[in-house]
Amino acid sequence: MLERGEVANSWRNERWDSLRLLTPNFQSRLPGLRYEGPEPDGYMAMSEVTEFIEAFAKVSAAPVRTGVNVTSVQPADGGFRITHSHGVIHARAVVIASGACNLPSVPPLHEAVPADVTQLTPFSYRNPDQVPDGGVLVVGGSATGVQLAAELRLSGRPVTLSTGEHVRLPRTYRGRDVLWWMDASGVWDQRHDEVEDLERARRLPSPQLVGTPGRDTLDLNALTSMGVELVGRLATVRDGRALFSGGLRNVISLSDLKMERLLATFDEWATADGCAAGVGPPERFEPTRVPERSRLQLDLGSGEIRTVVWATGFRPDYRWLDVPVVDAKGHLQHEGGVAAAPGLYALGLPVLRRRKSTFICGIEDDARAVIGDLARHLASSA
Ligand SMILES: Cc1cc2nc3c(=O)[nH]c(=O)nc-3n(C[C@H](O)[C@H](O)[C@H](O)COP(=O)(O)OP(=O)(O)OC[C@H]3O[C@@H](n4cnc5c(N)ncnc54)[C@H](O)[C@@H]3O)c2cc1C
């Protein structure tokens, strides 16, 4: 196992200070290691995640070589030639486990933002102290965007949140964590070959969730109550003005509708599975309050906005992969983690084999299946 940094590198170095997992502690489980602390319904801070992954490296006795940066993987002699910061090795098979979130995904229109406006991404943002006083435009209404919008608003800054399609979820439902429902009801177990529109499922934004001691819901209503202004999806920046889509009401209705459908799925499962007795009664939530009139433009040169935070997602980085298996959009082409080159495998990508593939609790099933394929490849090519 070659790791360019340290064990748990992404959790150590690529996250903002206040971040906690949005998956509850009882879902922090890896083969042979699970959370056994006093707060199964709590959410780990980054230092705790790092300790958990470090503990797993010990439990699994994984042969990790840290501080080894892979700079190239090329097909060679029926296997691969791997060039790294300390030399070259050959392998008959390679598993790409380099992560799905190596870089912030920032739209090209960031170049049109006036030079005196500070621009941050989830990789460069650490805490509100580093952000200039004055207004902030957060672009992106998924987990990162809602969390950073709330934190910046609570620091006293005026915050505008630009949101397109998003996934609304309550933190708890019928007395249980909403991610308990995803897991227990089998929604997270849906296989990639059963998903109707796999491409879309793989691009689905992260849910509007935050891990707080109070198990708070952080949806758009919560942000509105804090005084965050909502605007539609950022369409473009022209002559220093940010122009927003007028479709805010539509994306909001759609996400309310999808949440209602998901909760109805949970209710059906709870009744059919006979576990309804162990949970509270069905709940329904207030529709998202749509602003009477959302602004369609913001003059970024007026001084109202001093900072733009791009919470527009993450992407993998395959610049080191010299095998023609990455498409024009930078996505690895694979079928359930088996890449389109013999001997090349992947883990940790969205809906790789199941809906839960990119979560810590999702890796075990995927790893078992992918390693099964890898073992068969090695046996047949020996
Ligand atoms: C902001 C954020 C919040 C998240 N919150 C949760 C959550 O609450 N719960 C949850 O279950 N999941 C969460 N996730 C998903 C999380 O990333 C995965 O659960 C898990 O960390 C993925 O592990 P991984 O090992 O596949 O990828 P990573 O953790 O990204 O690890 C990949 C490793 O590969 C190394 N690497 C990359 N390129 C090279 C190279 N060329 N040479 C050598 N080494 C290399 C990196 O240094 C890194 O250590 C979150 C993700 C993000 C971005």
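Further up the page is the structure itself.
Residues numbered from 1 in each chain as written. Predicted model: local features only at pLDDT ≥ 70, side-chain atom pairs only at ≥ 80, totals over all residues. Heavy atoms only, no water.

**Student:** Describe the pairing of strand E7 (residues 87–91), with residues and values.
**Tutor:** Pairing of strand E6 (residues 79–84) with E7, which is carried by 5 bridges, proceeds in the antiparallel orientation. Following the sheet pairing, threonine 83 is matched in E7 by valine 88. The loop that links E6 with its antiparallel partner E7 comprises 2 residues. (Pairing = 2+ DSSP bridges. Helix = DSSP H or I, 4+ residues; strand = E, 2+ residues; numbered from the N terminus.)

**Student:** I'd like a description of helix H3 (residues 143–154), backed by residues and values.
**Tutor:** If you check H3, its first and last C-alpha atoms are 17 Å apart, about what 12 residues at 1.5 Å a residue would give, namely 16 Å. The buried fraction of H3 amounts to 10 of the 12 residues, a majority that puts the element mostly inside the structure. Buried within H3 we find Ala143, Thr144, Gly145, Val146, Gln147, Leu148, Ala149, Ala150, Glu151 and Leu152. Its buried side turned inward, H3 meets strand E11 (135–139), strand E12 (159–162), strand E16 (207–208), helix H6 (220–226), strand E21 (305–310) and strand E22 (314–315). (Expected span 1.5 Å × (residues − 1). Buried < 20%, exposed > 50% of the residue type's maximum accessible area, 1.4 Å probe, protein only. Contact = heavy atoms within 4.5 Å.)

**Student:** I'd like a rundown of the sheet that holds strand E18 (residues 234–238), residues and numbers included.
**Tutor:** Taking strand neighbours across the sheet as the criterion, the 3 strands line up as E18-E19-E20 in an open arrangement whose pairing is antiparallel. Strands at the two margins of the open sheet, each flanked by one partner only, are E18 and strand E20 (297–299). Ignoring strand direction, the axes of neighbouring strands in this sheet form an average angle of 15 degrees. Relative to strand E19 (residues 241–244), E18 runs antiparallel, the two being bridged by 4 bridges. When the sheet's bridge partners are listed, leucine 234 is paired in E19 with phenylalanine 244. (Axes fitted to C-alpha atoms, helices over the stretch in contact; angles between N-to-C directions.)

**Student:** Give me the lowdown on the sheet that holds strand E17 (residues 229–231), citing residues and values where you can.
**Tutor:** Pairing within the open sheet is parallel, and its 5 strands lie in the order E10-E21-E11-E12-E17. Of all strands in the sheet, those bounded by a partner on one side alone are strand E10 (118–120) and E17. Here the strands of the sheet are splayed against their neighbours by 20 degrees on average, with no regard to which way each runs. Summarising the sheet, E10 and E21 pair through 3 bridges and their orientation is parallel.

**Student:** Please provide a residue-by-residue account of unusual backbone geometry, values included.
**Tutor:** For aspartate 77, which is not a glycine, the phi torsion comes out positive at approximately 50 degrees. The residue aspartate 77 is located in the loop between strand E5 (70–76) and E6 in this model. Backbone geometry at arginine 215 places phi at a positive 50 degrees, although glycine is not the residue there. The topology assignment puts arginine 215 in the loop between E16 and H6. Accessibility expressed as a relative area gives 25% for arginine 215, which makes it partly exposed.

**Student:** Give me the lowdown on the environment of threonine 217, citing residues and values where you can.
**Tutor:** Along the chain, the position of threonine 217 falls in the loop between E16 and H6. Under the relative-accessibility criterion, threonine 217 is labelled partly exposed at 32%. As a C-alpha pair, threonine 217 and alanine 150 span 67 residues in sequence and 11 Å in three-dimensional space.

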